[in-house]
Amino acid sequence: MSSRVRIVGGGLTGILAAFEAHRLGSRDITIQERFEALGGVARPKIIHGAEMRDGCVYFGGAGDAIVETLTAHGARFETFDNRFGSLSTGADGKRVFTWDFGGPAIDAPAGKVGRPADDSLAARLAAYPPQIAATLESYVRWHLETDPALIHGEAAIPLAINRVFPAAADLAALASAKANDPWADELYAIPRGLSGRTANVTAALPAGGFAKLFDGLHGALTRLGVKVELNCLVPPRQLMAQDDPEETIVWAANPTPLFKPMGLSTPSLVKKSFFTYVYAVEAFDGPCPVYVQNFTAQGATFRAYLYESGGQTLVVAECVREADLKTLPTELRTLLSGFGALKLGPVVHSDAQPRWIYHSRAAIDGLAALRGKLTERFGGQFIPGAWEPYAKSAKLAEVNAALAMARQATPARVAKAG
Ligand SMILES: Cc1cc2nc3c(=O)[nH]c(=O)nc-3n(C[C@H](O)[C@H](O)[C@H](O)COP(=O)(O)OP(=O)(O)OC[C@H]3O[C@@H](n4cnc5c(N)ncnc54)[C@H](O)[C@@H]3O)c2cc1C
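What counts and how
- Residues numbered from 1 in each chain as written.
- Predicted model: local features only at pLDDT ≥ 70, side-chain atom pairs only at ≥ 80, totals over all residues.
- Heavy atoms only, no water.
- Disulfide = S-S within 2.5 Å.
- Pairing = 2+ DSSP bridges.
- Helix = DSSP H or I, 4+ residues; strand = E, 2+ residues; numbered from the N terminus.
- Domains from an automatic or database assignment.
- Contact = heavy atoms within 4.5 Å.
- Buried area = accessible area lost by both parts, 1.4 Å probe.
- Salt bridge = Lys/Arg side-chain N within 4 Å of Asp/Glu carboxyl O.
- Polar contact = N/O pair within 3.5 Å; in protein donor to acceptor, adjacent residues only side chain to side chain.
- Nonpolar A, V, L, I, M, F, W, Y, C, P; charged D, E, K, R; others polar.
- Near = heavy atom within 4 Å.
- Areas by Shrake-Rupley, 256 points an atom, 1.4 Å probe, with all protein chains shown as cover.
- Axes fitted to C-alpha atoms, helices over the stretch in contact; angles between N-to-C directions.
- Left-handed = near helix turned anticlockwise from the far one by under 90°.
- Buried < 20%, exposed > 50% of the residue type's maximum accessible area, 1.4 Å probe, protein only.
- pLDDT = per-residue confidence, 0-100.

Turning next to the state of the cysteines. A full pass over the atoms with the stated rule returns 0 disulfides. Free cysteine: cysteine 56, not disulfide-bonded; nearest cysteine sulfur from cysteine 288 at 12 Å.

Written as structure tokens, this is what we have:
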């Protein structure tokens, strides 16, 4: 790797890239973050000592690569029984709660599925039998207010519809189909409680909260000699003008501002904003933390996440649109009702934020073109911060692989220069 590594963006991706560059031997590393603290989207606002989380960002349980890396640098995590569930609409219109399963349960048999015809979300839905496809399509239209033909199939992951439980299926036959047909395995699920699987039984959250995690990691980076420059917005044009073969750039930030300077048009976001409302919880007799996904395509909330922070219990409603505060408490009580009875206090925080996690097909094509231009301009010395995948673990693997390649590429570059 070139002797200098400059990381733009101090979210989880940028922090992990700094630790990895250091592990690979680089000793001149800088993180530049536009805000006054590290953490990015996972860093919540704090009100009266409690974190106002915009959604549930969990870490994996024992053996999780990110948890292991951050623990090695002094972070502490608390592992807990990972409880979650979903609400779907049954064939008779009744509510169906499915526990320890975060996807939709659709009252249909496990009809044959096929390989999607292309990479769109519409094609992924069309790979299911018609009844399941139609239910999923109305959910996607409610959630994103757009045509699934315009969305990339990978958006199924953040939409939590990457696997469907066909609730009228014969479970033994479904298990056999999943074992023998890769597409049945990709598209269908058997809830944990019915399959006996032990994946996701535990998850982890940072002990003392996310702000404490990121402040501790800032200290760990400083002790390693990494320079952390806060309140430092890096203008892409300045970056594009630089021509230092001794510097590797990791763009661990939103790629939107890179398109124009690279002579490309910027693909538009799928959805402008998502709305979040945090309520104080006066009483809840179920597990904590817990989250429940709403697949009924009714109301405003697509997920309710109940958690503890600063000695308080809170619940956040993540909404597809601005919610009606008169009806939102009932929605939340209903969503969580299978796990426990909820008594709500007042709304303590609300927010509206864009989310760059549901990509359109145009955005995926645009990102590929952007990567091409950046490679032309910088070779392997420009590392995109894994913009396409949603999962933290996938981002980590992609950036680490690119850092390792940049490290290998250095001798050739130096030889050419000499
Ligand atoms: C509500 C929600 C829940 C999620 N839950 C999960 C989950 O449970 N599991 C999972 O794996 N993933 C989840 N994700 C995906 C999540 O986005 C990633 O896992 C991870 O937190 C993203 O970190 P990041 O560093 O890539 O991006 P960010 O956190 O967005 O960090 C980018 C940083 O770059 C900075 N920046 C931007 N532009 C500039 C500039 N020009 N100059 C300097 N700094 C700049 C920003 O201020 C920011 O700090 C969730 C996302 C959301 C929004």
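Another point: the sheet that holds strand S11 (residues 202-206). Taking strand neighbours across the sheet as the criterion, the 3 strands line up as S5-S11-S6 in an open arrangement whose pairing is antiparallel. Single-partner strands in this sheet number two, and they are strand S5 (59-60) and strand S6 (77-81). Bridge count between S5 and S11: 2 bridges; the pairing is antiparallel. Each residue of the ladder has a partner; that of glycine 60, found in S11, is alanine 203.

Time to look at the domain arrangement of the chain. Entries for the chain in the domain assignment read domain 1 (4-49 + 60-79 + 205-267 + 358-417), domain 2 (103-195) and domain 3 (273-353). Here the C-alpha centroids of domain 1 and domain 2 sit 33 Å apart. Counting residues at the interface gives 6 residues for domain 1, matched by 13 residues for domain 2. Across the domain 1/domain 2 interface, buried area totals approximately 810 Å², and carbon plus sulfur atoms make up 67% of it. Put simply, domain 1 and domain 2 have 2 salt bridges between them. The shortest N-O distance in the salt bridge between aspartate 118 and arginine 361 comes to 3.8 Å. Counting the contacts that link domain 1 with domain 2 gives 4 residue pairs in polar contact (both at pLDDT 80 or more). Here the side of domain 1 that touches domain 2 is built from residues that sort into 3 nonpolar, 2 polar and 1 charged.

Our focus in this paragraph is the site of the ligand. Lining the immediate surroundings of the ligand are 28 residues, of which Thr13, Glu33, Val41, Val234 and Lys392 lie closest. One nitrogen or oxygen atom from the main chain of valine 41 is found 2.8 Å from an oxygen atom belonging to the ligand. Protein chains shield 87% of the accessible area of the ligand, which is 1,000 Å² for the free molecule. Here the residues of the shell around the ligand sort into 15 nonpolar, 8 polar and 5 charged.

Another point: the packing of helix H1 (residues 12-23) against helix H2 (residues 65-72). Running from amino to carboxyl end, H1 crosses H2 at an angle of 65°, the nearest separation of the two axes being 11 Å. Note on packing geometry: the crossing formed by H1 with H2 is left-handed. Here Leu12, Leu16 and Phe19 of H1 come into contact with H2, specifically with Ile66, Thr69 and Leu70. Partitioning the contact of H1 with H2 into residue classes produces 5 nonpolar, 1 polar and no charged.

With respect to the helices and strands, alanine 369 occurs in helix H11 (residues 361-378). A sequence separation of 105 residues divides alanine 369 from leucine 264, and the C-alpha atoms of the two residues are 8.1 Å apart.

Next up on the list: unusual backbone geometry. Note: most peptide bonds trans; most residues except glycine with negative phi. The omega torsion across cysteine 288 and proline 289 is 5°, close enough to zero to call that bond cis. Position of proline 289 relative to the elements: it lies in the loop between strand S14 (274-284) and strand S15 (290-294). Positive phi, normally seen in glycine, also occurs at histidine 48, with a value near 50°. By secondary structure assignment, the location of histidine 48 is in the loop between strand S3 (45-47) and strand S4 (50-52).

What follows is about the side chain of arginine 124. Within the fold, arginine 124 resides in helix H3 (residues 121-126). Owing to a relative accessible area of 9%, arginine 124 belongs among the buried residues under this scheme. If near-sequence neighbours (up to four positions away) are discounted, arginine 124 is found in contact with Pro116, Gly153, Ala156, Asn162, Glu186 and Leu187.

This part is about the confidence of the model for the chain. Of the residues in the chain, 97% have a pLDDT of 70 or more, and the chain-wide mean is 93. Below pLDDT 50 for its whole length, residues 411-418 participates in 4 contacts with residues either more than four positions away or in separate chains.

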